[in-house]
Amino acid sequence: MLVSATEMLKKAKAGHYAVGQFNINNLEWTKAILLTAQENNSPVILGVSEGAGKYMTGFKTVSAMVKAMIEELNITVPVALHLDHGTYEGSKKCIEAGFSSIMFDGSSLGIEENVEKTKEIVALAHSKGISVEAEVGAIGGEEDGVVGQGECADPDECKKIADLGIDMLAAGIGNIHGKYPANWAGLSFETLDAIQQKTGEMPLVLHGGTGIPEDMIKKAISLGVAKINVNTECQLSFADATRKYIEAGSDLQGKGFDPRKLLAPGFEAIKATVKEKMELFGSVNKA
Ligand code: 13P
């Protein structure tokens with residue numbers, strides 16, 4: 001069932017668990033995540049970056065594929081199709097293409113421009129029942145081979161953006177995308193707590209879910225995080241399983257190069273990673 005992320009996140013917040021956002025790249029990724037959500041009776045959010053959208057030939061293709069797959073696979077758990085780190089133009093395109101949720105990432109803009117653009121996107125998205133995630137404080141990651149430490153958002157700026165009627169807020173609390181550097185300082189729970197104090201019931205989003213120790217994930221959920229994004233970990237498990245399959249010469253043993261066989265171990269690996277995260281985030285049987 002394709003739905004906006006609003007209700008599932010309200011429920012998660014009230015029930016003290018988090019809904020996983022897993023990014024998709026192709027048909028196999030999408031199918032693996034949808035089936036795992038259904039098997040575990042868990043709500044789920046499919047994340048689509050602008051790059052992945054382009055790779056899949058455009059947001060309209062993604063939207064049509066996800067809607068058809070939900071129907072053909074009889075997926076009855078709540079599924080949100082969400083733009084990840086959208087630009088202003090990308091957000092508008094996804095609203096038109098039939099996404100059920102979008103993230104407008106204005107964190108690289110000044111706070112006033114972030115406020116103005118977020119407000120505009122909220123009005124547009126809400127007129128169509130689409131949920132909106134906004135961001136304050138850039139979430140770091142690897143750039144040109146250098147891994148930056150994650151920023152911490154200003155709680156007052158978070159309140160300014162939260163008051164615009166958004167449905168979920170991503171705020172930097174020292175988290176970064178991709179692998180964490182060995183000298184990573186960890187999540188700033190002080191910042192998270194201050195942000196939640198200022199923003200009341202707003203479901204908070206934790207980006208960079210790959211590689212955060214389990215105890216920190218649990219503490220973040222206890223302090224108000226209701227959505228956790230995972231991307232790199234699925235990529236790593238997919239790549240590892242595919243590499244092992246090829247190294248074992250498996251695709252050469254009389255089976256030819258059937259792509260369905262070649263991609264099968266990676267598909268199973270994504271399913272296992274997603275299941276593990278759903279259990280950790282507490283969303284199993286919460287559909
Ligand atoms: P990771 O790639 O670190 O899991 O982060 C995913 C993410 O936050 C997508 O927005």
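Refer to the structure presented above.
So, here is what we can say about the structure in this document. (Residues numbered from 1 in each chain as written. Predicted model: local features only at pLDDT ≥ 70, side-chain atom pairs only at ≥ 80, totals over all residues. Heavy atoms only, no water.)

**With respect to the site of the ligand**
Using the following cut-off: We call a residue near a molecule or strand as soon as one heavy atom of that residue lies within 4 Å of the molecule or strand. Whenever two N or O atoms come within 3.5 Å, that pair is a polar contact, provided that in protein one can donate a hydrogen and the other can accept it, and provided that, for residues adjacent in sequence, both atoms are side-chain atoms. Note that accessible areas follow from Shrake-Rupley with a 1.4 Å probe, and for residues the cover is restricted to the protein chains shown. Secondary structure elements follow DSSP: runs of H or I of four or more residues count as helices, runs of E of two or more count as strands, with numbering from the N terminus. Nonpolar residues are Ala, Val, Leu, Ile, Met, Phe, Trp, Tyr, Cys and Pro. Charged residues are Asp, Glu, Lys and Arg, and all others, Gly as well, are polar.
Around the ligand lies a shell formed by Asp84, His85, His177, Gly178, His207, Gly208, Gly209, Thr210, Asn229, Val230, Asn231 and Thr232. His85 is positioned with one of its side-chain polar atoms (N or O) 3.4 Å from an oxygen atom of the ligand. Between the ligand and the protein, one listed contact pairs an oxygen atom with a side-chain N or O atom of Asn229 at 3.2 Å. When isolated, the ligand has an accessible area of 300 Å², and the protein chains bury 97% of it. For the shell around the ligand, the secondary-structure elements that each account for two or more residues are strand 3 (79-86) and strand 10 (225-230). Each residue belonging to the shell around the ligand can be placed in one class, and the counts come to one nonpolar, 10 polar and one charged.

**Things to note about the packing of aromatic side chains**
Formally: Pairing of aromatic rings covers Phe, Tyr and Trp, the last through its six-membered ring, and needs centres within 6.5 Å; plane angles under 30 degrees mean stacked, over 60 mean edge-to-face, and all others mean tilted. To sort residues, take the accessible area from a 1.4 Å probe on protein chains only and compare it with the maximum for the residue type: under 20% means buried, over 50% means exposed, and anything in between is partly exposed.
Counted under the stated rule, the structure contains four aromatic pairs. With 5.6 Å between their ring centres and 80 degrees between their planes, Phe59 and Phe99 make a pair best called edge-to-face. Of this pair, Phe59 sits in helix 4 (residues 59-72) while Phe99 sits in the loop between helix 5 (88-97) and strand 4 (101-104), placing them 40 residues apart in sequence. When the centroid spacing of 6.4 Å and the interplanar angle of 75 degrees are considered together, the rings of Tyr88 and Phe104 count as edge-to-face. Taken together, the residues Tyr88 in helix 5 and Phe104 in strand 4 connect sequence positions 16 residues apart. The two residues Tyr88 and Phe104 agree in class, both being buried.

**Examining the pairing of strand 10**
We apply this condition: For two strands to pair, DSSP has to find at least two bridges joining them.
Counting buried residues along strand 10, six of its six residues qualify, which places the element largely inside the surrounding structure. Relative to strand 10, strand 1 (residues 19-23) runs parallel, the two sharing four bridges. Along strand 10, the bridge assignment pairs Val19 with Lys227. Relative to strand 10, strand 9 (residues 204-206) is paired through three bridges, and the arrangement is parallel. Bridged to Val205 within strand 10 is Lys227.

**Concerning helix 8 (residues 189-199)**
The line we're drawing: In this description, one arc is meant: the one made by directions from the helix axis to the C-beta atoms. Here a residue-residue contact requires only that any non-hydrogen atoms of the pair lie within 4.5 Å.
Regarding helix 8, the residues found buried are Phe189, Thr191, Leu192, Ile195, Gln196 and Thr199. All buried residues of helix 8 project into a common sector of 155 degrees when viewed along the axis, lining one side. Opposite its buried face, helix 8 presents the exposed residues Glu190 and Gln197, each directed more than 90 degrees away. Residues of helix 8 that are buried sit in contact with helix 1 (6-15), helix 7 (155-162), strand 8 (168-171), strand 9, helix 9 (214-222) and strand 10. One or two steps after helix 8, the chain reaches Gly200, where phi turns positive at roughly 60 degrees.

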